[in-house]
Amino acid sequence: MANYETVLIARQDVSATQVESITDLAQEILTEDGGRIARREYWGLRGLAFRIKKNRKGHYVLLNYEAKAEAVHEMERRMRLHDDVLRYMTVRTEDLPEEPSVVLARRDERDRDRGGRGRDRDDRGPREDRGPRGDRGPRGDRPYRDNDSSED
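One structure accompanies this document, and this report is about it. (Residues numbered from 1 in each chain as written. Predicted model: local features only at pLDDT ≥ 70, side-chain atom pairs only at ≥ 80, totals over all residues. Heavy atoms only, no water.)

## Observations regarding the overall build of the chain
Looking only at helices and strands, one finds three helices and four strands in the chain. Counting from the amino terminus, the chain carries its helices and strands in the arrangement β-α-β-β-α-β-α. Expressed as a percentage of the 152 residues in the chain, the buried residues total 30%. Across the chain, every contact between residues at least 6 apart in sequence was considered, and the portion connecting residues at least 24 apart equals 75%. (Helix = DSSP H or I, 4+ residues; strand = E, 2+ residues; numbered from the N terminus. Buried < 20%, exposed > 50% of the residue type's maximum accessible area, 1.4 Å probe, protein only. Contact = heavy atoms within 4.5 Å.)

Here's what the structure looks like:
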């Protein structure tokens, strides 16, 4: 058996539980013949580089596994027929990593830096005065300008 890595992209309008059921289907196909799933990660709803079948976003899932080539071909065939799967890509790999991927490690690191709160804008403090406005003068009332009249 060889080592593989597959990334699936599901449509943006399906729920996370439906994406999990698609992943369960792929996992079931791969493990039927004695394959082993080493890593399964849901990366969430992410933006696509370009529109795919009128979708601008997609649910990303990563699978690292060890399986026979026939099981991989069957899994790809079923993903091709599944209406909710936009794209998939399978690559044969040398090793079978089990630690978190770079995408999840970066997300965890970013959350740790923020204290798990997400994006907090209150830590910037009050807005400073930007100084004089130069030749534009104070903002007050502006004179009415008629664009239709031509000045000679």
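## As for the pattern of salt bridges
Inspection of every chain in the model, using the stated rule, returns seven salt bridges. Across the pair Asp13 and Arg11 runs a salt bridge, and its minimum N-O distance is 3.5 Å. Of the residues examined, Arg11 reaches a relative accessible area of 26% and is grouped as partly exposed. In this structure, Arg77 engages Glu74 in a salt bridge whose closest nitrogen and oxygen atoms are separated by 3.0 Å. With Arg77 and Glu74 both in helix α2 (residues 69-81), this residue pair falls three residues apart, about one helical turn. On the basis of relative accessible area, Glu74 is assigned to the partly exposed category, the value being 25%. Three or more residues joined by partner-sharing salt bridges are found here, namely Arg11, Asp13 and Asp84. (Salt bridge = Lys/Arg side-chain N within 4 Å of Asp/Glu carboxyl O.)

## Focus: the packing of helix α1 (residues 16-32) against α2
Between α1 and α2, the least distance of the axes is 8 Å, while the angle of their chain directions is 155°. Viewed along their axes, α1 and α2 adopt a mutual orientation that is roughly antiparallel. Between α1 and α2 lies a crossing of right-handed hand. Residues Ile22, Leu25, Ala26, Ile29 and Leu30 of α1 form the contact with α2, whose own contacting residues are Ala71, Val72, Glu74, Met75, Arg78 and Met79. When its residues are assigned to classes, the contact of α1 with α2 shows nine nonpolar, no polar and two charged. (Axes fitted to C-alpha atoms, helices over the stretch in contact; angles between N-to-C directions. Parallel < 35°, antiparallel > 145°, perpendicular 65-115°, else oblique. Left-handed = near helix turned anticlockwise from the far one by under 90°. Nonpolar A, V, L, I, M, F, W, Y, C, P; charged D, E, K, R; others polar.)

## With respect to the nonpolar core
Soluble globular proteins tend to bury their nonpolar side chains together. Counting residues in each nonpolar core, the largest one holds 19 residues, and the members touching the most others are Leu30, Tyr65, Ala67, Val72, Met75 and Met79. At the level of elements, β1 (2-11), α1, β3 (55-67) and α2 are the ones that each hand at least two residues to this core. Per-element tally for this core: the top contributor is α1, with five residues. Apart from residues lying up to four places away in sequence, Val72 is in contact with Tyr4, Leu30, Tyr65, Ala67 and Thr90. (Core = buried A, V, L, I, M, F, W, Y, C linked by side-chain atoms within 4.5 Å.)

## Considering the side chain of Arg39
Relative to the helices and strands, Arg39 is located in strand β2 (residues 36-52). Nearest to the buried, unbridged Arg39 among oppositely charged side chains is Glu41, at 4.0 Å. In contact with Arg39, other than residues within four places in its own chain, are Glu5, Leu62, Leu63, Asn64, Pro97, Glu98, Glu99, Pro100 and Ser101. (Lys, Arg positive; Asp, Glu negative; His and termini not counted.)

## Some words on the packing of aromatic side chains
Applying the stated criterion to the full structure yields two aromatic pairs. Summarising the aromatic geometry, the rings of Tyr4 and Tyr65 are spaced 5.8 Å apart at their centres and angled 25° between planes, so their arrangement reads as stacked. Here the residue Tyr4 occupies a position in strand β1, and Tyr65 occupies one in strand β3, the gap between them amounting to 61 residues. Side by side, Tyr4 and Tyr65 carry an identical accessibility label, which is buried. Relative to Tyr60, the ring of Trp43 has its centre 6.5 Å away and its plane inclined at 20°; by these criteria the two rings are stacked. Pair noted here: Trp43 is in strand β2 and Tyr60 is in strand β3, with a separation of 17 residues, a long-range link. Exposure class is identical for Trp43 and Tyr60. Each is buried. Positioned above the aromatic ring of Tyr60, the side-chain terminus of Arg46 is 5.9 Å from the ring centre. (Phe/Tyr/Trp six-rings, centres within 6.5 Å; stacked < 30°, edge-to-face > 60°. Lys NZ or Arg CZ within 6 Å of the ring centre and 35° of its normal.)

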